[in-house]
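So you can see what is in the structure, the chains are spelled out below.
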Amino acid sequence: MPYYIGDVIKEEKNLIARTPEKFRETGVDVRIDTCVEEVDDKAGDVRLADGTRLPYDTLVLGTGTTPLMPGIPGEDREGVFMLKKFTDALRIKAWLREVPCRKVIIIGAGFIGMEMCEVIRNLGIETQIFHRGVLPVNRWDPEFSQIVLDELRRHEVDFVSDAETKAIEAGKDHRLRLVTNHGDAEADMILMAVGVRPEVTLAKQMGLPLGKTGAIQVNFSQMTSREGVYAVGDCCESFHRVSGSWVNIPLGDIANKQGRVAGRNIGGGSMLFPGIVGAQSFKVFDLEVAATGLDERAAAESGFHPVSTLSWGNAIAGSMPGNTKLGLKLIADRATGKLLGAQAVGKAGAVSRINTLSCALWAGLTLDDLGYLDLAYAPPFGGSWDLIHTAAQVLRRQI
Amino acid sequence: MGKQVVIVGAGAGGASVAAEARRGDPSLSITMIEQRGQVSVAA
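Cut-offs applied
- Residues numbered from 1 in each chain as written.
- Chains lettered and ligands numbered in written order.
- Predicted model: local features only at pLDDT ≥ 70, side-chain atom pairs only at ≥ 80, totals over all residues.
- Helix = DSSP H or I, 4+ residues; strand = E, 2+ residues; numbered from the N terminus.
- Rg over C-alpha atoms; globule rule 2.2 N^0.38 Å.
- Buried ≥ 20, exposed ≤ 12 C-beta atoms within 10 Å, placed from the backbone.
- Contact = placed C-beta atoms within 7 Å.
- Nonpolar A, V, L, I, M, F, W, Y, C, P; charged D, E, K, R; others polar.
- Core = buried A, V, L, I, M, F, W, Y, C linked by C-beta atoms within 7 Å.
- Domains from an automatic or database assignment.
- Pairing = 2+ DSSP bridges.
- Axes fitted to C-alpha atoms, helices over the stretch in contact; angles between N-to-C directions.

(A) Expanded view of the overall build of chain A. Each helix and strand counted, chain A has 11 helices and 23 strands in total. Rg of the C-alpha trace for chain A: 23 Å, near the compact-globule value of 21 Å for 399 residues, within the 12% margin. For chain A, the spread of C-alpha atoms along the principal axes amounts to about 65 × 60 × 40 Å. Burial statistics for chain A: of 399 residues in total, 43% are counted as buried. Sequence separation of at least 24 residues holds for 59% of the intrachain contacts in chain A that already meet a minimum separation of 6.

Take a look at the structure:
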């Protein structure tokens, strides 16, 4: 959706995987703009806002997430947005173009904040970020988040760290004024991007068990603890193949797969969701930022003895024109030599390394495996020793 | 009529359930409920 707002994706239809009409052609009764008020699991029906009751044999909860709000006075003012629904994207897009928007404030520096920051700045609009932490995107090591911050500044985005937002008032020079612990700032639009939580109101009301993550507990068939009731996507947990624990990572690719698994089981087949390794990427201006698996803290919490190395190397062969620096961090278990996680940042090549290393995590490869892994070598794409090889060999020597 | 399947939410997850369940068993009666005005939107 950020890329639709920024006109990178121009056509609305390119954003919509399948229209309600397409579903209806296959005999699926789609009811949009319809709210479920209550699920009566004893009676086996769902009550809609207009009082209609729909009986079910099988129920699926795909209720997604709810955006978090800072809970400050004035956050419901006109011109304050969050990006959740497609209608939000439409409203933001219209607002940016029609209101005369000279300046936008983004609250939060997670990956949605980063993606939105890039598209808004590229529209030529002055952009300022207020973030609770010291550096953006806290999943990455400070050395890498500092590079993200440098990239923001290089594109003249103003980043305010350690920010506590206090209120949103009417502005003088711009429509809105944000009051913070670092003084006031004005903008024509304020975008809330402080995060999301799993939307589990119906699940709670049905008494379905939630995990430590606050998301719905499911088994590998995507079934909840109740027979015939499934949950898929951002509202439920996923099995993390590296840590062996259940996590909640709200990403659309995971939701697609879990939905497919639940659908297969409901349609008479039998399929298990194999879990995730926590692969994630985003782009901010000219940077690729990606990570997979566990960081050291999560690794230690999962009972591993993590060792790590952060190396800088080449995105493509060092002798090739257009080569750029690539940063790669590897985390491995001292006891077994198995890879536990990785992070990468660079103008090119970060995502391809992280995808490769996600496969390594999936298969449980060790640093010895990685040090001599057969990769697709050609100078325009990498060196004869790739950064994956050298980083794995460096870390292997630490064990 | 086949078994009744009710799906709450037509995002990536819910929409995938509907499509795959329909492929597997054409006799299912599937209803997908979405509070928003659009289904299956790329985030």
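Okay, back to it.
(B) Expanded view of the interface of chain A and chain B. At the interface, 49 residues of chain A touch 38 residues of chain B. Every element with two or more residues in the side of chain A that touches chain B is listed here: helix 2 (20-25), strand 1 (28-31), strand 4 (53-55), strand 5 (58-61), helix 3 (86-98) and helix 7 (252-266) of chain A. The element contributing the most residues to the side of chain A that touches chain B is helix 7 of chain A, with 10 residues. When grouped by side-chain class, the residues that make up the side of chain A that touches chain B number 24 nonpolar, 17 polar and 8 charged.

(C) Main features of the nonpolar core. Core analysis: the biggest nonpolar cluster contains 129 residues, and Val60(A), Ile190(A), Leu191(A), Ile216(A), Val289(A), Ile7(B) and Ala18(B) have the highest contact counts within it. Broken down by element, the residue count for this core peaks at 7 residues, all from helix 4 (residues 111-121) of chain A. Domain assignment of the residues forming this core places at least three in each of domain 1 (69-194) and domain 2 (280-398) of chain A. When residues no more than four places from it in sequence are discounted, the contact partners of Leu191(A) are Phe81(A), Leu83(A), Val104(A), Ile106(A), Ile107(A) and Met116(A).

(D) Representation of unusual backbone geometry. All names here are of chain A. One non-glycine residue with positive phi stands out, namely Glu156, at about 60°. Relative to the elements of secondary structure, Glu156 occurs in the loop between helix 5 (142-154) and strand 10 (158-160). Exposure remark for Glu156: the 9 C-beta atoms within 10 Å place this residue in the exposed category. The phi dihedral of Phe285 falls on the positive side, at around 50°, and the residue is not glycine. Looking at where Phe285 falls in the secondary structure, it is placed in the loop between strand 19 (280-284) and strand 20 (287-293). Here Phe285 falls in the partly exposed class, since 16 other C-beta atoms lie within 10 Å of it.

(E) Structural detail: the sheet that holds strand 5 of chain A. Reading across from one edge, 1(A)-2(B)-1(B)-5(A)-16(A) is the order of the 5 strands in this open sheet, with parallel pairing throughout. A single partner strand is all that each edge strand has here, and the edge strands are strand 1 and strand 16 (229-231) of chain A. Each strand of the sheet is rotated relative to its neighbour by a mean of 15°, with strand direction disregarded. In the sheet, strand 1 of chain A pairs with strand 2 (residues 29-33) of chain B via 4 bridges, with the strands oriented parallel. Across the sheet, the residue bridging to Asp29(A) is Thr31(B), located in strand 2 of chain B.

(F) Structural detail: the environment of Gly278(A). Residues and elements named next belong to chain A. Considering the arrangement of structural elements, one finds Gly278 in the loop between helix 7 and strand 19. As for Gly278 and Asn181, which are separated by 97 residues in sequence, their C-alpha atoms are 34 Å apart. Here Gly278 is in contact with His240, Ile249, Thr292 and Gly293, once residues within four sequence places are set aside.

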